[in-house]
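# Chains, contacts and geometry: an overview
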Amino acid sequence: MKKYILLLLILPALLFAESKYPDAKTIIQKVDANMTSKTQIVKSSMVIHNRRNVRTVTSISYTEGSHKSFSEYLSPEMEKGTKMLKLDDRLWIYSPSTDRTIQLSGHMLKQSVMGSDLSYEDMMEDRKLIDLYDAKITGDDTLGGRKTWIMELNAKVSDVSYEKRKMWIDVERLIPLKEELYAKSGQLLKKTIMSDVAKFGGRWYPKKINYKDMLKDGEGTDFIISDIKFDADIPDYIFSKASLKK
Amino acid sequence: MINFIFKAIWRDKNRSLLPIMVITIGVFLTIALSGYMRGVMGDMIDQTARFNTGHVKVMTKAYAKDKDQIPNDLAILGSDELTQSLEKQYPDYQWVERIRFGGLVDAPDAQGESKGQGASYGMAFEIFDKSSGEVERMNIPSAIVTGRVPQKAKEALIGDAFAKKLKLKIGDIITYMGTTMNGSMTFENFTISGTVRFGVEAMDNGAVIIDISDARRMLDMTDAAGEILGFSKDGVYFDDKAEKTETSFNAKYTNSKDEFAPVMYRLKDGSDMGAYLDYVDSFASMFVIIFVIIMSVVLWNTGLIAGLRRYQEFGIRLALGESKGHIYRTLMAEAMLVGIIGSVIGSALGISLVLFLQVHGINIGNLISGGTMMMPSVLRAKFTPDLLYIGFIPGLAAMVIGNMLSGIAIYKRETATLFKELEV
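Residues numbered from 1 in each chain as written. Chains lettered and ligands numbered in written order. Predicted model: local features only at pLDDT ≥ 70, side-chain atom pairs only at ≥ 80, totals over all residues.

## Some words on the overall build of chain B
Basically, it comes down to this: Put simply, DSSP H or I for four residues or longer makes a helix, DSSP E for two residues or longer makes a strand, and each gets a number counted from the N terminus. Both definitions apply: the radius of gyration is a C-alpha atom measure, and the globule rule equals 2.2 Å times residues to the power 0.38. Residue burial is a threshold on neighbouring C-beta atoms within 10 Å of the residue's own C-beta, all placed from the backbone, with 20 or more meaning buried, 12 or fewer meaning exposed, and counts in between meaning partly exposed. Distance between backbone-placed C-beta atoms decides contact: two residues are in contact if it is within 7 Å.
Helix and strand counts for chain B come out as 17 helices and 14 strands. Relative to the globule expectation of 22 Å for 424 residues, the C-alpha radius of gyration of chain B, 31 Å, shows a markedly less compact shape. In chain B, which comprises 424 residues, the proportion classed as buried is 41%. Here the contacts in chain B between residues at least 6 apart in sequence split such that 80% fall between residues at least 24 apart.

Written out as structure tokens, the structure is:
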């Protein structure tokens, strides 16, 4: 009898704890809605902090959905004219100095892009979080004066780069402000910190993302967006191999 | 006296045959195994030095920490000046700059599309400058399967297995894709000048060997090098000499907190070879000690049996008035003579086998195919002057010690009981 009384006392508390946070799935869908779009045209700078120097690489990227992406590097001179095309899970790189187009696959996709803290896999991953992960809210926190939910995401498909993610989601703006990316073994592989959040059209979006490869020394790589257009028209020829050599 | 003893052991085969055989086998095994081990270990050390470590090697402290990852972003800057300084300070060594690099090698088809690609195991050294001796040091002429050594910029030697897999031939183009010293993406087309086979799978599949000037341009490493290797001009690695060089060089940078300050490692402590070197050093002496102990026990036992067999003889000699000391000394003289004969035969056989294996070797190419360890595919023994005594002295010592122990029994004989013992 005592057990039932105890259960009756605890049950409301448990129900209350459950209702403390909103539904994680709904939150993730809203985050996806903010971070992804039908198309994107992004002008950006990648500031790479090496152990000996700091390099800035600028590029323009065109993205359509989660399957098509085209990037052209604009500077510095060494990278100028280098282009990348992603179609589904295939990635081609064009080098103007050799006039060759090389397809990358396998372990090469895990290599760093231009010496940055981003891998080709990171750059290729545009799928919506809701399609890849099961989410649950595990707590709350305050980051830079902003209230966040701490969300834990566990992979529900096998072909993801990171088995587990921990995200700090801005409660009001519904965008991630911080993220930790884990391997299957539980090892922390990367950390990202989003800042300079601005409103583009009707959505909030971070203009600066610091990627830190936890297996490398250094201060990480800053990905700074100078211009972003959502849902702009992008001609089909952009996402063709022919455009690599243009 | 010697003639007399010689006749005695010659005519009484029971006295000499077994000990001579035991000593011969022991000495033979000591010399043959010592020579073989020295040869094999020496070859592995030599190959590691030539390909990887030099007799001494200079890197930056940061590069040395992660050297297995070939972190060219942490390479030595101002390498030419440092090399000149090393040449001036340590003229006993020949100093050479090298760059190792990883990346991707892609082979295009007729339409320029990828027809195959693989991970590259890149090595760049002075190929065009013949005075460096690098081409011979890296054993390139004998590793070439087809074609020739690169003679001009943008020519490369590639792994034979990789070439066969993609049906590449001399004159075809391959594209290298990798990362420069500054982290930029780099692409370079090379014309295949030849293919090489080293007997190491990783290299045969992905080796890209180019001149260091090409690597410097390609990897943005002007006046930079991943490693500066020093090779003793007499061609032989002496750990004491290398240690002195290492200590003297590193003393200048001990207090430097700059992670890019140069640091020198000698072959022994800059690679896994340290344990091998220690093993080579201790192997011969360890084997000799074991040999002496075992042989002494065996020969002691043989001596005891011989003592029993010659029990009557010693009794008669004592009865005739020969002193115990004299009998003991003649026994020792016999042992020495038997020891010398056994050791000479064992040494001759052992050295003959070592010399044979030094020339012909044992081909283990089939056994190590698929391996990733850098080791020679033909194992050879090596004759060194110490093999002349490394078995001889222990062989002699074992025989004498064995007989000294068993001969003590002579002193236990009582002349008063001799007639009773001899049943006269």
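Additional details are given in the paragraphs that follow.
## Section: the interface of chain B and chain A
Stated precisely, the cut-off is as follows: Gly counts as polar in this scheme, as do all residues outside two lists: the nonpolar Ala, Val, Leu, Ile, Met, Phe, Trp, Tyr, Cys and Pro, and the charged Asp, Glu, Lys and Arg.
Contact with chain B, which involves 18 residues of that partner, is made by 18 residues of chain A. Of all the secondary structure elements, the ones that give two or more residues to the side of chain B that touches chain A are β3 (93-108), β7 (173-179) and β8 (185-196) of chain B. Looking at the side of chain B that touches chain A, its residues break down into seven nonpolar, eight polar and three charged.

## Details of the confidence of the model for chain B
For clarity, the cut-off: pLDDT is a residue-level measure of predictor confidence that goes from 0 to 100.
Chain-level statistics for chain B give a pLDDT mean of 85 and a share of 91% at 70 or above. The ipTM, which scores confidence in the relative placement of chains, is 0.79 for this predicted complex, and the corresponding pTM is 0.73.

## Thoughts on the packing of helix α2 (residues 13-53) of chain B against helix α16 (residues 392-407) of chain B
If you want to describe how two helices pack, look at the angle between their axes and the distance between the axes. Residue and element names in this part refer to chain B. Rules: Axis angles are defined between N-to-C directions and span 0 to 180 degrees, where every axis is a line fitted to C-alpha atoms and, for a helix, only to the segment in contact. Any angle between 65 and 115 degrees counts as roughly perpendicular, while under 35 counts as roughly parallel, over 145 as roughly antiparallel, and the rest as oblique. Handedness of a crossing is defined here by the sense of rotation of the near helix relative to the far one, left-handed for an anticlockwise turn of less than a right angle and right-handed for a clockwise turn.
Packing of α2 against α16 brings their axes to within 9 Å, and their N-to-C directions diverge by 150 degrees. In terms of their interaxial angle, α2 and α16 are classed as roughly antiparallel. Along this stretch, α2 crosses α16, giving a crossing that reads as right-handed. Residue-level inspection shows Pro19, Ile23, Gly26, Val27 and Thr30 of α2 in contact with α16, the latter providing Phe392, Pro394, Gly395, Ala398 and Met399. When grouped by side-chain class, the residues that make up the contact of α2 with α16 number seven nonpolar, three polar and no charged.

## Examining the packing of α2(B) against helix α13 (residues 324-360) of chain B
All names here are of chain B. Following both chains from N to C, one finds α2 and α13 inclined at 30 degrees, their axes separated by 7 Å at the closest point. Taken together, the axes of α2 and α13 lie roughly parallel to each other. Once α2 is placed against α13, the crossing between them reads as right-handed. Taken together, the residues of the contact of α2 with α13 break down into 17 nonpolar, 13 polar and no charged.

## Some details on the nonpolar core
Note that soluble globular proteins tend to have their nonpolar side chains buried in a common cluster. All names here are of chain B. The condition is simple: Connectivity within a nonpolar core runs through C-beta atoms within 7 Å, and the core itself is a set of buried Ala, Val, Leu, Ile, Met, Phe, Trp, Tyr and Cys residues.
Counting 73 residues, the largest nonpolar core has Ile99, Ala156, Ile158, Tyr176, Val208, Ile209 and Ala215 as its most contacted members. With eight residues, the single largest contributor to this core is β3. Beyond its immediate stretch of four places on either side in the chain, isoleucine 99 contacts Asn72, Ala124, Ile212, Ala215, Leu219, Met221, Ala225 and Gly226. Core analysis: the next-biggest nonpolar cluster, separate from the first, contains 29 residues, Ile31, Ala32, Val40 and Ala398 among them.

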